[in-house]
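Summary of the model geometry
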Amino acid sequence: MSHLVTPPFYRLRRISVLLFWFAATVCAHSQSPTSLTGTLTIRNPTNQLADYSNPIGNQLALNLTAGDPEFGNRTVRLKLYIEQGNTLYASGTDVVVGASNLPLPLNALQRFNSTQLAPYFRLENLQGLSGQTYQSGLPEGLYRFTFEVIDASPTAWNGNVLGRISEQFWVTLNDPPLLNAPSNGENLAVLTTSAGINFGWIPRWTSANTRYVFTLVDFGLNSNSANVYQQFMSLESVPLYRSTPLSAAMLSFGTSAGFPTLIAGRTYGWRVQATGGAFKKNGYSEIFVFKYSGTCAPATGLTATAQGSDAIAVRWNASGVHSSYRVQYRKRGTGDANLWRWFETTTTNNFVTLAPLEANTTYEIKLGGVCASDVVSYGTVITCQTAAITSNPNCGQPVSLNITNTAPLASLRINDTIRAAEIPICVTKVSGANGVFT
């Protein structure tokens, strides 16, 4: 029997052809279109990744165009990378729950908005982040979002990275609002049918997108003033009232049928959250409390007298009912200027000097008498205007003083104000008695 023997050089030629075909196939799979272009737009950057996971938030827009004739009409999938400076902060999973492949036709601009991009920012679709880190938000710094565009077509380029589209932005955390009225610990009278409680706060950052959410909780009859935060957090999930987003930095509570009824004798807590930007503490203000129709009576006899151009002397009637007094003051204004912040000084005396103040300026002043459990009742607001500056002091020149009162001061306490060469000095630490103090 004869056998057909293939010469060795034929086998070598066949092997070389196979190797050439295999190398060509690998090269075809490894090449990618070079004309994939795009832009990533981040509107109103926020430090909360959850904000980008809102499909109706309109936070993101990704534009892609494929212009390589060999590319053709394809579908792609995306992978997200979040970098802080030069460090990878988090990355997307390879399988993104809630996301689908995206069409990418040849030579046609494809625009993808938050509806398509939101799933990539959900916690379940991110690697390298704990739930607590996700909730606390991005720290301040420079960030870059990058979408890696990956071929998802069942053809030669499947799985290849076609391009990366990035955008940088700064995260600058703004301060949350300052609560302004009613004052912390204030005792409020029972509402009438025509009057409400005017809650107010001072924005420390605002834009056209800034909104405020007001939350009120009922602490009940036995509120623990030393544990306000824990009390509030335990009740916030079922608040007595939570507003819809507000554009104004105020809320007139109780003036319509949509508000709950407050109960006399109970204590309530409230705070405000600012949204629509990147805020410290997730935009949450501090927590204030108020006693509704408590038994603490306000102090009486409040008077105010200007002491030159930079100070006001305030006096009132002493009372055995109050353990201390809170004097609040602010510049008087109209319209939005009424949101000037109240400043506060506390004393056990029945007098205090407010300084330093601005010259030729009208100030609003109110006095609160503090009762048990730090409940405070404020009386009627009065006004006083400082004097205008009539001459400028000559620094370094001797001062001519005409002191008429030579009686030693019996007592001097923290927050009192004395004058040295016409310069007001606020006392922050003091010891001594009978005119001799350190």
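Residues numbered from 1 in each chain as written. Predicted model: local features only at pLDDT ≥ 70, side-chain atom pairs only at ≥ 80, totals over all residues. Heavy atoms only, no water.

**Re the sheet that holds strand β6 (residues 110-113)**
The 3 strands lie next to each other as β1-β2-β6, forming an open sheet whose pairing is antiparallel. The open sheet has two free edges, formed respectively by β1 (36-42) and β6, since each of these has just one partner strand. This sheet shows a mean twist of 15° between the axes of neighbouring strands, independent of strand direction. (Pairing = 2+ DSSP bridges. Helix = DSSP H or I, 4+ residues; strand = E, 2+ residues; numbered from the N terminus. Axes fitted to C-alpha atoms, helices over the stretch in contact; angles between N-to-C directions.)

**Details of the nonpolar core**
By size, the foremost hydrophobic cluster in this structure holds 36 residues, and its most contacted members are L49, L62, I82, F121, F145 and F147. Breaking this core down by element, the ones donating at least two residues are β1, α2 (49-52), β2 (60-66), β3 (74-84), β4 (87-92), β5 (102-104), β8 (141-151) and β9 (161-171). Setting aside anything within four residues of it in sequence, one finds L49 in contact with I82, F121, L126, L129, Y134, L138 and F145. Within the second largest apolar cluster, 23 residues are counted, among which are I197, W201, Y212 and F253. (Core = buried A, V, L, I, M, F, W, Y, C linked by side-chain atoms within 4.5 Å. Buried < 20%, exposed > 50% of the residue type's maximum accessible area, 1.4 Å probe, protein only. Contact = heavy atoms within 4.5 Å.)

**A short note on the state of the cysteines**
Following the criterion strictly, the structure yields 1 disulfide and no others. Two residues share a disulfide in this structure: C296 and C371, whose sulfurs sit 2.0 Å from each other. Linking C296 and C371, the disulfide has an S-S dihedral of approximately 70° and is accordingly described as right-handed. Placement of C296 in the loop between β17 (288-292) and β18 (303-306) and of C371 in the loop between β23 (362-370) and β24 (376-378) is noted, with a sequence separation of 75 residues between them. Here C296 falls in the buried class, since its relative accessible area comes to 7%. Owing to a relative accessible area of 14%, C371 belongs among the buried residues under this scheme. (Disulfide = S-S within 2.5 Å.)

**Considering a nonpolar patch on the surface**
Nonpolar side chains collect at one region of the surface, where L409, I418 and I425 lie side by side and expose about 230 Å² of accessible area between them. Within the secondary structure, L409 sits in the loop between β25 (382-385) and β26 (417-420). You can call L409 partly exposed: its relative accessible area is 43%. (Patch = residues over 30% accessible without salt bridge, like charges linked within 9 Å, V, L, I, M, F, W, Y side chains within 5 Å. Areas by Shrake-Rupley, 256 points an atom, 1.4 Å probe, with all protein chains shown as cover. Salt bridge = Lys/Arg side-chain N within 4 Å of Asp/Glu carboxyl O.)

**As for the side chain of R271**
By secondary structure assignment, the location of R271 is in strand β16 (residues 267-275). Within the local environment of R271, its side chain forms a polar contact with the side chain of E236, the two groups lying 2.8 Å apart. If near-sequence neighbours (up to four positions away) are discounted, R271 is found in contact with L179, V213, F214, T215, F232, M233, E236, Y284, S285, E286 and I287. (Polar contact = N/O pair within 3.5 Å; in protein donor to acceptor, adjacent residues only side chain to side chain.)

**Regarding helix α5 (residues 228-235)**
Looking only at α5, the buried set comprises V228, Q231 and F232. Projected down its long axis, α5 shows its buried positions confined to an angular sector of 95°, all on one face. Buried residues belonging to α5 abut β13 (211-220), β16 and β17. (Arc of directions from axis to C-beta.)

**A closer look at unusual backbone geometry**
For residues besides glycine, phi is generally negative; the peptide bonds are generally trans as well. Put simply, A181 and P182 share a cis peptide bond, and its omega is -5°. Within the secondary structure, P182 sits in the loop between β10 (178-181) and β11 (186-188). The amide bond that connects A355 to the next residue, P356, takes the cis arrangement and shows omega of -5°. Structurally, P356 can be placed in the loop between β22 (351-354) and β23. Positive phi is not limited to glycine here, since N434 has a value of about 55°. On the secondary structure map, N434 appears in the loop between β28 (432-433) and β29 (436-437).

**A short note on the packing of aromatic side chains**
Here a ring pair, both rings aromatic, is described through the centre-centre distance and the interplanar angle of the planes. Applying the stated criterion to the full structure yields 25 aromatic pairs. Ring geometry for F199 against F253: centres 6.0 Å apart, planes inclined by 85°, an arrangement best described as edge-to-face. In this pair, F199 sits in strand β12 (residues 197-202) while F253 sits in strand β15 (residues 250-253), placing the two residues 54 residues apart along the sequence. Residues F199 and W270 carry aromatic rings whose centres are separated by 4.8 Å and whose planes lie at 65° to one another, so their mutual orientation is edge-to-face. One end of the pair, F199, is in strand β12; the other, W270, is in strand β16, and 71 residues separate them in sequence. Since its relative accessible area comes to 1%, F199 is described here as buried. Residue W270 is classed as buried on the basis of its relative accessible area, which comes to 0%. An aromatic cluster of three or more residues is present, and its members are F199, W201, Y212, F214, Y241, F253, F259, Y268, W270, F288, F290 and Y292. (Phe/Tyr/Trp six-rings, centres within 6.5 Å; stacked < 30°, edge-to-face > 60°.)

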